[in-house]
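# Analysis of the macromolecular model
One-letter residues, chain by chain:
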Amino acid sequence: MSEQGETGGGAAPVESNVPDDVDLDDVDPETADSSIEESAKTVPRGLPLRVQNLRKTFGGITAVDGVSFEVEEGSLTGLIGPNGAGKSTTFNCITGVHEPDSGTILFKGEEITGQRPHEIAQKGLVRTFQIARELEEMTVLENLMLAPQDQEGEKLTNAITPGLRDQVKRDEEAIREDVWEMLEFFEIDHLAEEYAGNLSGGQRKLLEMARALMTDPEMLLLDEPFAGVNPTLEEKLLERIHELTDRGYTFLLVEHDMDLIMQNCEHIIVMHQGDLLAEGTAEDIRNNEQVVEAYLGEDV
Amino acid sequence: MSIRGRARSALPDALTEDDTVLIAVLLLCIGVLYFLIGGLQAFLADATIVNAAFQTFQSILFLSGVYAILALALNLHWGYTGLFNIGVAGFMAVGVYTMSILAGSPDGLPPGLGLPVPVAVLGGVLAAAIVGGIAALPALQLDADYFAIVTVGFSEIIRLTLLADTFSGTVTDPSSSQYNVVNLFGLEFGTGGGRGISTPIGNPLEFLFDGPLQPVGDVLVSVGDAIGIIPQVVEATTYTAFIVLLVLPAYYLLVQRVGYSPFGRVLKAIREDELVAQSLGKDTRLFKIKVFMLGSGLMGLAGILWYGTFGYVNPNTFRPLVTFYVFTALIVGGSGSNTGSVVGGAVFAALLLQGPRRLAGLINAGAQYSTGGSLPEPANFWVALTSLDPLAWLGYLVTQTPNLKFVFLGAVLVYLMQNRSEGLLGHRKETASSVDLSERPASTNEPGKPGGQAAATGGESDE
């Protein structure tokens, strides 16, 4: 399996025995307990995300050149590669920030290629950013309150009309409880009323992930969540990510810290110069000569 | 910092805690200050003191009020959403002109549509909102600074269109070669072009003095008469009261509700980082268009309430300078803060706009009173300087006040940008939510409880 991805444009390997449109409604994240988690390694599950022949050029530079891969439901998948491998561009194409030149992106069996970022986020595919983009002049609480989808008070008429505003208030009280719980989960509740701009780099990463989770997503795309994070905080973040995977969330992680990905991800995708270089488990990747040559050097 | 801290602690608590009290006290102080200035000036000039004092009092409060509501409307655009709208004057013009055309007499020059005034006012507000919606379309694609250029261009296009002879309706004879009445599906009207247009409303409280409620007006007039205030000033005061006590609170409440809500939270997020808002599933384009239309409508209404009551306007009233003034008011007060917008509007009108003029008037009156003659009026700066006469210098300052006012304004802005760029009340935590977010649910306070379910049970379905 290790070298199947090297041709880039070829059909992805795991596709054959899994239907495109697994009904995800059958999988309740809350009940996805650890026993399911264990059996998951053997039983093929749904494919929330399928990327096929993705291609994106900027002027004369081909950033992503016909990449195909899949992310299994409930998995923690790592996307690695040296600088300039096209990881972030792939990410931006998936989340609608860039429009791909060709190729298709399917989320839960539905094509989302070229849709706008908010449409993709509304479908449950939510991202974080490489450089944490917190809303600086909003408090941590405001940052999290922003995220939940379809809030009644986001309609102008509901926000200003006297009778309707009461409903908005009740909704916000309910969201507020979730927000505080989320703050506790990430242990940043002591920063609740701080402006997000005053947070340290690591705290911003926590905030950003908490904020993404508040949208109640099905799958999270984390763009270098550990960049500039100290080891203690990194540990904390990883712990959270594993806990959330256990609860049924799907993660796609972009990272260039190889060790970290190797130790934590069940499935790893390696990109190099816009191509898919290899795909598989940590073991597969470690034994892949091309990967070692292109990226790892001799010490892995 | 410590000086500011001490100054702050010297203020009564009510001022720092309750915004309504703060605004009321500020407006009252400004009013009283101008009452005294007006009275003193009249005393020095040997005029009727009470009448003059009252006139100054009401006119400064009127100006404070209209700048405050304009700053509030702009705060929705710039303060909350970060939409750099420098076309405020244009939206005011659309409001005033639409209202005037709708309500103008069909036989007038230019002809209007002859609708009732309330309908016309509503039409003016809607027109401003719709034009705002159209102007906002480029904002969906453009970055802040490019959008700013679009808006100022838009506002100038509006002004020049109103100025154009083609639509002015000044030649109503269809057989004439200069016939220029606009004919829209049989509805004939004109803008008045460079001649301007008469606005149908004077004082919306006219009914107090000439209508069903005349007895109330009569009482007011007679009270005024008893203390030496002429009826015109009494009438003007009622309108000022209408603006300051009714319109301003209504604007404040409305903008406050918009800001303190999930809607306002998305606006703030757009200001901070639009891509983040989008990545959290917010259709930011929709929010931008909505808020731009709302703000533009409010600017249109502000234009109607201000210039629409003068009896007459021409397009040059709505030069970009008006926009600049409103921006200055908002920046002085603190963009992003509604209370700051009101404070900024009042402070701008009282200190920056009218302050220098009043001071010059006072100096002039003082000089005349003490010397019996007027101050020397040197022809230019050089003459004033070389005369080596302090009185001539003073005289020069006084006569040049209308120009020096701008130097003063610029200096204040430069100082403010360097030392307090967030404005008087900017950067306060005006949390965008309809509820107090810091109120922590008791359940989450228990130590040891796994922060747990939050992630999975998201959404507001659980009421």
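Rules used in this analysis
- Residues numbered from 1 in each chain as written.
- Chains lettered and ligands numbered in written order.
- Predicted model: local features only at pLDDT ≥ 70, side-chain atom pairs only at ≥ 80, totals over all residues.
- Heavy atoms only, no water.
- Helix = DSSP H or I, 4+ residues; strand = E, 2+ residues; numbered from the N terminus.
- Contact = heavy atoms within 4.5 Å.
- Pairing = 2+ DSSP bridges.
- Buried < 20%, exposed > 50% of the residue type's maximum accessible area, 1.4 Å probe, protein only.
- Salt bridge = Lys/Arg side-chain N within 4 Å of Asp/Glu carboxyl O.
- Phe/Tyr/Trp six-rings, centres within 6.5 Å; stacked < 30°, edge-to-face > 60°.
- Axes fitted to C-alpha atoms, helices over the stretch in contact; angles between N-to-C directions.
- Core = buried A, V, L, I, M, F, W, Y, C linked by side-chain atoms within 4.5 Å.
- Domains from an automatic or database assignment.
- Buried area = accessible area lost by both parts, 1.4 Å probe.
- Polar contact = N/O pair within 3.5 Å; in protein donor to acceptor, adjacent residues only side chain to side chain.
- Nonpolar A, V, L, I, M, F, W, Y, C, P; charged D, E, K, R; others polar.
- Left-handed = near helix turned anticlockwise from the far one by under 90°.

Another point: the environment of V88 of chain B. Residues and elements named next belong to chain B. Within the secondary structure layout, V88 lies in helix 5 (residues 88–103). It is 32 Å that separates the C-alpha atoms of V88 and A52, two residues lying 36 residues apart in sequence. Apart from residues no more than four positions distant in its own chain, V88 is found in contact with L70, L74, M299, T323 and V326.

Let us now look at the pairing of strand 4 (residues 102–107) of chain A. Residue and element names in this part refer to chain A. Direction of pairing for strand 1 (residues 49–58) relative to strand 4: antiparallel, over a ladder of 5 bridges. Looking at strand 4, one finds that Q52 is bridged to T104. Taken together, strand 4 and the strand that follows it, strand 5 (residues 110–111), pair antiparallel across an intervening segment of 2 residues, in which K108 is found at a positive phi of about 55°.

A few words now on the environment of V71 of chain A. Residues and elements named next belong to chain A. Examined against the element boundaries, V71 turns out to sit in strand 2 (residues 61–71). Of the residues examined, V71 reaches a relative accessible area of 0% and is grouped as buried. Note: C-alpha distance between V71 and M209 (138 residues apart in sequence) is 19 Å.

Attention now moves to the pattern of salt bridges. All names here are of chain A. Scanning all chains against the criterion turns up 22 salt bridges over all chains. For R240, the salt bridge is made with E187, and the minimal N-O distance between the two is 2.7 Å. Of the two residues, R240 sits in helix 8 (residues 231–246) while E187 sits in the loop between helix 6 (162–185) and helix 7 (201–214), which places them 53 residues apart along the sequence. Since its relative accessible area comes to 5%, R240 is described here as buried. Look at the salt bridges and you will find they share partners, linking E187, K236, E239 and R240 into a network.

A separate point is the packing of aromatic side chains. All names here are of chain B. Here the structure, examined in full by the defined rule, presents 22 aromatic pairs over all chains. On the numbers, 6.5 Å between centres and 85° between planes, the contact of F35 with F54 is edge-to-face. With F35 in helix 3 (residues 19–44) and F54 in helix 4 (residues 49–81), the pair connects residues that are 19 residues apart, well separated along the chain. Classification of F54 by relative accessible area gives partly exposed; the value is 23%. A ring pair is formed by W306 and Y307, whose centres lie 4.5 Å apart and whose planes are at 15°; its orientation type is stacked. Of the two residues examined, W306 and Y307, each falls in the buried class. Every member of this aromatic cluster is reached through a ring pair, and the members are Y67, W306, Y307, F310, F318, F324, Y325 and F348.

To continue, consider the sheet that holds strand 7 (residues 219–223) of chain A. Residues and elements named next belong to chain A. Strands sit in the order 6-7-8-3-9-10 across an open sheet of 6 strands; the sheet is mixed. Single-partner strands in this sheet number two, and they are strand 6 (125–127) and strand 10 (275–280). Sheet twist, expressed as the mean angle between neighbouring strand axes with direction ignored, is 20°. Of the strand pairs in this sheet, strand 9 (residues 267–272) and strand 10 are connected by 5 bridges, and their pairing is antiparallel. Its bridge partner being in strand 10, V270 is matched across the sheet by A278.

With that out of the way, let us pick up the nonpolar core. Counting 159 residues, the largest nonpolar core has L183, F186 and I268 of chain A together with Y67, M92, W306 and F318 of chain B as the members making the most contacts within it. A total of 15 residues in this core trace back to one element, the largest contributor, which is helix 4 of chain B. Composition of this core by domain shows at least three residues from each of domain 1 (49–134 + 216–294) and domain 2 (137–198) of chain A. Ignoring sequence-local partners within four residues, the contact set of I268 of chain A consists of G78, I80, I261, M262, A278, E279, G280, T281, A282 and I285 of chain A.

Let us now look at the interface of chain A and chain B. Taken together, the 63 residues of chain A in the interface contact 55 residues of chain B. Summed over both partners, the interface of chain A with chain B comes to about 5400 Å²; 57% of that surface belongs to carbon and sulfur atoms. Seen at the junction of chain A and chain B, the total is 6 salt bridges. Salt-bridge contacts for R116 of chain A lead to D283 of chain B; the nearest nitrogen and oxygen are separated by 3.1 Å. Remark: the boundary between chain A and chain B carries 24 residue pairs in polar contact (both at pLDDT 80 or more). Going through the elements one at a time, helix 3 (117–122), strand 6, helix 4 (140–146), helix 5 (156–160), helix 6 and helix 7 of chain A are the ones with two or more residues in the side of chain A that touches chain B. With 19 residues, helix 6 of chain A is the single largest residue contributor to the side of chain A that touches chain B. Considered class by class, the residues forming the side of chain A that touches chain B number 26 nonpolar, 9 polar and 28 charged.

What follows concerns the domain arrangement of chain A. Residues and elements named next belong to chain A. Segmenting chain A into domains produces domain 1 (49–134 + 216–294) and domain 2 (137–198). The straight-line distance from the C-alpha centre of domain 1 to that of domain 2 is 29 Å. At the junction of the two partners, domain 1 supplies 7 residues and domain 2 supplies 7 residues. Carbon and sulfur atoms supply 60% of the area that domain 1 and domain 2 bury against each other, a total of about 650 Å² over both sides. Applying the counting rule to domain 1 against domain 2 returns 2 salt bridges. At the surface where domain 1 touches domain 2, the tally comes to 2 residue pairs in polar contact (both at pLDDT 80 or more). Classifying every residue of the side of domain 1 that touches domain 2 by side-chain character gives 1 nonpolar, 1 polar and 5 charged.

All names here are of chain B. Axis separation between helix 3 and helix 4 bottoms out at 7 Å; the angle between their running directions is 145°. As helix 3 runs across helix 4, the sense of the crossing is right-handed. Facing helix 3, whose interface residues are L27, I30, G31, V32, Y34, F35, G38, G39, A42 and F43, helix 4 presents I49, A52, A53, F54, T56, F57, I60, L61 and S64. Looking at the contact of helix 3 with helix 4, its residues break down into 14 nonpolar, 5 polar and no charged.

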